[in-house]
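# An overview of the molecular structure
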Amino acid sequence: MRADDPHGAVLRAAGSPTPVSLGNGAVLVTTLEDSRQVLTSPTDFAVPFDVSRKRVRRGGISSPGSQRPTAVLTAPAVRRGHTVFESELAATTSGLSGEIDALVLLRRPVARSTAAALLPQVDARTHKAVGDLVLAWIDALGPVISAPSPPRPWSRIRRTEQHAHRQLINKLRGARCEDPAAVATALAAGTQVPIAAGAWCLALLGSRPDLHAAVGDPQWATAFVWEVLRLVPPTWVLPRVSTRRVRLGRSTVDRYTPVLVSPVALGQLAASAPGPEQGESELAKLDPGRWVSSTQRPGAWLPFGAGPHACPGKNLGIAQLTTTVAWASTVPLRPSGSVDVDSTRGLTPSPSTFHVRAAPDA
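Below is a summary of the structure that appears in this document.

### Section: the overall build of the chain
Regarding its fold elements, the chain presents 12 helices and 12 strands. A globule of 362 residues ought to have a C-alpha radius of gyration of about 21 Å, and the chain, at 20 Å, matches this closely. Considering only contacts within the chain whose residues lie at least 6 apart along the sequence, 69% involve residues at least 24 apart. Accessible surface for the chain amounts to roughly 16,900 Å². Of this, 53% is attributable to carbon and sulfur atoms.

Quick look at the structure:
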């Protein structure tokens, strides 16, 4: 497997009955059972670094206290965030025409929506300001995440990221957050992932005019979102590190072994989604229809993770994405070109641009 093609390496490993070595000591788990064991056993498989790629020291990775679970967003928080997203998306897309970058289009609607959901105590002006600071931190994190190895503490890249992080933390403290660092991390994850997933929805819908009318139906819009998340989940690798020697399926991993769970690989398993065995299309094909008539529950491939570190904003994310797809079904759009996968920072479409034709004058 080529070291310069991690996405391709993971796809080629999909379906293996046992964990697969990816080189450099890392192990990819390839079954649903092994993946659930890794993600739901934080004392055996710890998160090795935080969102800014600051590594957890070896002496502390086995401490359950350092692996705090994330609280799921409440229904009122989801409704509040979704309402803001609908308003912001409507304002952003009003009169839209020409070539549009989906990764730019969705930035403010998603950031402000997520801030509104996570910060019920603040007014609209503050959650907009927080959303903008979250975007600034995400932008500063980009070079950190895409670097071949974590940047050194005093490098320009690291100092820029730390400055953006401090500004966000200070704003959250002023908003009376009890744990500003944890909220900042949740805001970043809850913003970056839906932006990338929404860009994939627009890119793939633009390339499939046959689905354009169908996704105007809420059932088909939801099915389309689930299918996009199955094929190109933005968070396509979930890293853990073993805290002791652990039995994993039919294999054993040593202590301090990097262990990876990949939702993109799990999405290719027959146990994950309806495929030819159920009379549906091949799993390599984009086909939201597989979820419309199936009784199989979407999400068995864990696109939102599992266990104490599962995505707490799953319901808000789905609401944001289905709203994006519903909007896209009402406008004539087409991609700027053949869409490829950029895996340097999660999974994003390349190019992420599409064309919207202006509505004719009344």
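### Looking at helix H2 (residues 32–39)
For an α-helix the count is 3.6 residues per turn, leaving residues at separations of three or four pointing the same way. Residues of H2 that are buried: Leu 32, Asp 34, Ser 35, Val 38 and Leu 39. Seen end-on, H2 carries its buried residues on one side only, within an arc spanning 165°. Buried residues along H2 sit against strand S2 (26–29), strand S3 (45–46), strand S5 (238–242), strand S6 (246–248), strand S8 (258–261) and helix H10 (263–266).

### Describing the packing of helix H6 (residues 124–146) against helix H8 (residues 180–206)
The N-to-C vectors of H6 and H8 enclose an angle of 75°; their axes lie 10 Å apart at closest approach. Considering the angle they form, H6 stands roughly perpendicular to H8. Of the residues in H8, those in contact with Val 130, Val 134, Leu 135, Trp 137 and Ile 138 of H6 are Ala 184, Thr 185, Leu 187, Ala 188, Thr 191, Gln 192 and Ile 195. Here the contact of H6 with H8 is composed, by residue class, of nine nonpolar, three polar and no charged.

### Focus: unusual backbone geometry
Residue Ser 350 is joined to Pro 351 through a cis peptide bond whose omega torsion reads 0°. Structurally, Pro 351 is set in the loop between strand S11 (348–350) and strand S12 (353–356). One non-glycine residue, Tyr 256, lies in positive phi territory at about 65°. When you line up the elements, Tyr 256 lands in the loop between strand S7 (251–253) and S8.

### Structural notes on the side chain of His 212
Summarising the element assignment, His 212 is placed in the loop between H8 and helix H9 (218–231). In this structure the side chain of His 212 is engaged in a polar contact, spanning 2.8 Å, whose partner is the backbone oxygen of Val 331. In contact with His 212, other than residues within four places in its own chain, are Leu 205, Ala 328, Ser 329, Thr 330, Val 331 and Leu 333.

### Description of the sheet that holds S5
Judged by pairing direction, the sheet is mixed, and its five strands sit side by side in the order S1-S2-S8-S5-S3 without closing on themselves. Since the sheet does not close on itself, it has two edges, and those belong to strand S1 (20–23) and S3, each with one partner. In terms of strand pairing, S3 meets S5 through two bridges, oriented antiparallel. Note on S5: the bridge partner recorded for Ala 46 is Val 241. Contacts from H2 reach S2, S3, S5 and S8 within the one sheet, and its direction differs from that of S8 by about 120°.

### Some points on the nonpolar core
Judged by nonpolar contacts, the single largest core of 68 residues is most densely connected at Leu 202, Phe 224, Val 228, Val 325, Trp 327 and Phe 354. The contacts of Trp 327, once residues within four sequence positions are left out, are Leu 89, Thr 93, Leu 96, Leu 105, Leu 202 and Phe 354. Core analysis: the second largest hydrophobic core is formed by 19 residues, Ala 164, Leu 168, Ile 169 and Leu 187 among them.

### Here we look at the pairing of S5
On any regular strand, side chains alternate: one points to one face of the sheet, the next to the other face. Most of S5 is tucked away, with four of its five residues classed as buried. Pairing between S5 and S8: four bridges, direction antiparallel. Note that in S8 the partner of Val 241 across the bridge is Pro 258.

Cut-off values and rules
Residues numbered from 1 in each chain as written. Predicted model: local features only at pLDDT ≥ 70, side-chain atom pairs only at ≥ 80, totals over all residues. Heavy atoms only, no water. Helix = DSSP H or I, 4+ residues; strand = E, 2+ residues; numbered from the N terminus. Rg over C-alpha atoms; globule rule 2.2 N^0.38 Å. Contact = heavy atoms within 4.5 Å. Areas by Shrake-Rupley, 256 points an atom, 1.4 Å probe, with all protein chains shown as cover. Buried < 20%, exposed > 50% of the residue type's maximum accessible area, 1.4 Å probe, protein only. Arc of directions from axis to C-beta. Axes fitted to C-alpha atoms, helices over the stretch in contact; angles between N-to-C directions. Parallel < 35°, antiparallel > 145°, perpendicular 65-115°, else oblique. Nonpolar A, V, L, I, M, F, W, Y, C, P; charged D, E, K, R; others polar. Polar contact = N/O pair within 3.5 Å; in protein donor to acceptor, adjacent residues only side chain to side chain. Pairing = 2+ DSSP bridges. Core = buried A, V, L, I, M, F, W, Y, C linked by side-chain atoms within 4.5 Å.

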